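# A look at the structure
Okay, here's what each chain looks like letter by letter:
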Amino acid sequence: GGQILRVSTALSCLLGLPLRVRRIRAGRSQPGLRPQHLSGLEIIRDLCEGKLEGGEIGSTEITFTPGKIKGGTHIADTKTAGSVCLLMQVAMPCVLFAASPSELHLKGGTNAEMAPQIDYTVMVFKPIVEKFNFIFNCDIKKRGYYPQGGGEVVVQMSPVKELSPINLTERGTVTKIYGRAFVAGALPIKLAKDMSAAAVRCIRKEIRDLYINIQPVREPDDQAFGTGSGIIVVAETSTGCLLAGSSLGKRGKNADKVGIEAAEILLRNLKHGGTVDDSLQDQLIIFMALAKGVSRVKSGPITLHTQTAIHFAEQLTKAKFTVTKSEEEDPSKDTYIIECQGMGMINPHL
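Just so it is clear, the model here is predicted, and its values are computed rather than measured.

### Some points on the environment of glycine 179
Within the secondary structure, glycine 179 sits in strand S9 (residues 174-184). Judged by its relative accessible area of 9%, glycine 179 falls in the buried class. The contacts of glycine 179, once residues within four sequence positions are left out, are Met123, Asn213, Ile214, Gln215, Ile232 and Val233.

Set out below in structure tokens:
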């Protein structure tokens with residue numbers, strides 16, 4: 001699948017290990033590389049002046065030989081609604097260990113199905129992943145939606161000597177709930193208001209005493225390409241944890257349903273008692289593997305994406321993961337501790 005490709009290519013680039021991947025997306029209706037996967041491979045190739053064979057749409061086998069990670073300005077354009085967030089996922093670990101600062105211009109879909117929305121990346125992923133002791137800047141130049149894409153995000157990042165481990169084991173209590181419901185293009189603001197109101201009503205049933213602020217917004221026409229809608233709702237806790245639920249609108253899908261879907265995902269993530277939601281869980285694995293020292297994250301049930309990321313991180317690095325059922329005061333909660341003894345990757349260029 002695409003995720004195996006992303007994790008293994010990033011690690012191949014970082015560790016200087018040549019890589020061959022076969023049977024890429026072999027079980028899918030459109031097997032092989034899609035534009036988003038290919039753009040991800042190409043940006044990694046360009047970042048490290050590597051060699052890529054089999055790099056074309058529909059290819060089910062690639063060979064990648066990495067070179068030295070050099071930083072600088074790089075452009076990746078899916079030319080479709082392929083997710084810019086997934087491009088960021090593959091490139092970010094690599095540019096952290098580059099020789100100089102990087103600026104990545106990522107073009108495609110900013111709010112796409114089957115991928116984190118850019119709002120999630122900025123509101124949840126960014127503040128948490130920066131606990132590994134690096135910072136990045138993510139500037140949303142233009143939003144782009146299915147089917148044309150046309151969005152652009154610019155990510156700026158300086159390299160680090162090494163990553164610090166993280167300890168996310170205390171959930172704390174939910175202190176605020178906020179978010180944004182958006183429409184763009186031909187859609188009326190009323191849709192955003194309906195999504196927001198439906199999400200608030202849904203959360204209210206479970207959490208009565210908190211003020212919930214979900215802003216309905218219409219994306220400015222010069223900052224959005226095409227027509228799209230969606231919502232993200234974030235819960236912040238007393239210990240600084242961020243958990244979210246999000247959903248995208250599509251033709252024929254009732255606005256209330258979009259809002260309720262996002263609210264239900266958030267509530268489900270709050271119920272398990274973990275410090276991260278299902279979407280963040282697997283995105284932290286590669287950073288835990290690269291960090292120096294022991295990282296610990298308390299999560300809900302381990303997703304297949306997380307199991308996959310752990311498997312490939314262990315295969316390619318010297319990191320060691322253990323997943324144990326959390327010995328909670330409350331045995332009804334389905335929580336786990338993901339612990340990782342990181343490999344302690346050192347940036348050779350600094």
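There's plenty left to go through after this.
### What to know about the sheet that holds strand S10 (residues 212-218)
Sheet architecture is open: four strands sit in the order S10-S9-S12-S13, paired in mixed fashion. Edge strands, defined here as strands with exactly one partner in the open sheet, are S10 and strand S13 (242-248). Geometrically, the sheet is characterised by an average inter-axis angle of 15° between neighbouring strands, direction not taken into account. Looking at chain direction, strand S12 (residues 228-237) and S13 are connected through seven bridges and run antiparallel. From the neighbouring strand, isoleucine 231 faces S13, where its bridge partner is serine 247. Contacts from helix H4 (residues 118-129) reach S9, S12 and S13 within the one sheet, and its direction differs from that of S13 by about 165°.

### Overview of the UniProt feature "domain: RNA 3'-terminal phosphate cyclase" (unreviewed entry) in the chain
The feature "domain: RNA 3'-terminal phosphate cyclase" (unreviewed entry), as annotated in UniProt, sits at residues 1-323 in this numbering. For residues 1-323, the helix share is 35%, the strand share is 27%, and the end-to-end C-alpha distance is 23 Å.

### Examining the side chain of threonine 306
Along the chain, threonine 306 turns up in helix H9 (residues 304-316). Polar contacts involving the side chain of threonine 306 include one to the main-chain amide nitrogen of aspartate 282, which spans 3.2 Å. Discounting residues that sit within four places of it in the chain, threonine 306 has contacts with Gln281, Asp282, Ile285 and Ile338.

### Quick look at the sheet that holds strand S6 (residues 136-144)
The sheet built from five strands is open, its strands ordered S4-S5-S7-S6-S11 with mixed pairing. The sheet terminates laterally at strand S4 (72-77) and strand S11 (224-225), the two strands that pair on one side only. Two strands pair when backbone bridges link them, and strand S5 (residues 102-108) and strand S7 (residues 151-157) are joined in this way by seven bridges, in the antiparallel orientation. Looking across to S7, one finds that glutamate 103 is bridged to glutamine 156. Sheet strands in contact with helix H3 (residues 84-96) are S4, S5, S6 and S7, and its direction is about 165° off that of S5. Against the sheet, H4 touches S6 and S7, its axis set at about 175° to S6.

About the criteria used
- Residues numbered from 1 in each chain as written.
- Predicted model: local features only at pLDDT ≥ 70, side-chain atom pairs only at ≥ 80, totals over all residues.
- Heavy atoms only, no water.
- Helix = DSSP H or I, 4+ residues; strand = E, 2+ residues; numbered from the N terminus.
- Buried < 20%, exposed > 50% of the residue type's maximum accessible area, 1.4 Å probe, protein only.
- Contact = heavy atoms within 4.5 Å.
- Pairing = 2+ DSSP bridges.
- Axes fitted to C-alpha atoms, helices over the stretch in contact; angles between N-to-C directions.
- UniProt positions renumbered as here; feature names shortened; annotations may be inferred.
- Polar contact = N/O pair within 3.5 Å; in protein donor to acceptor, adjacent residues only side chain to side chain.

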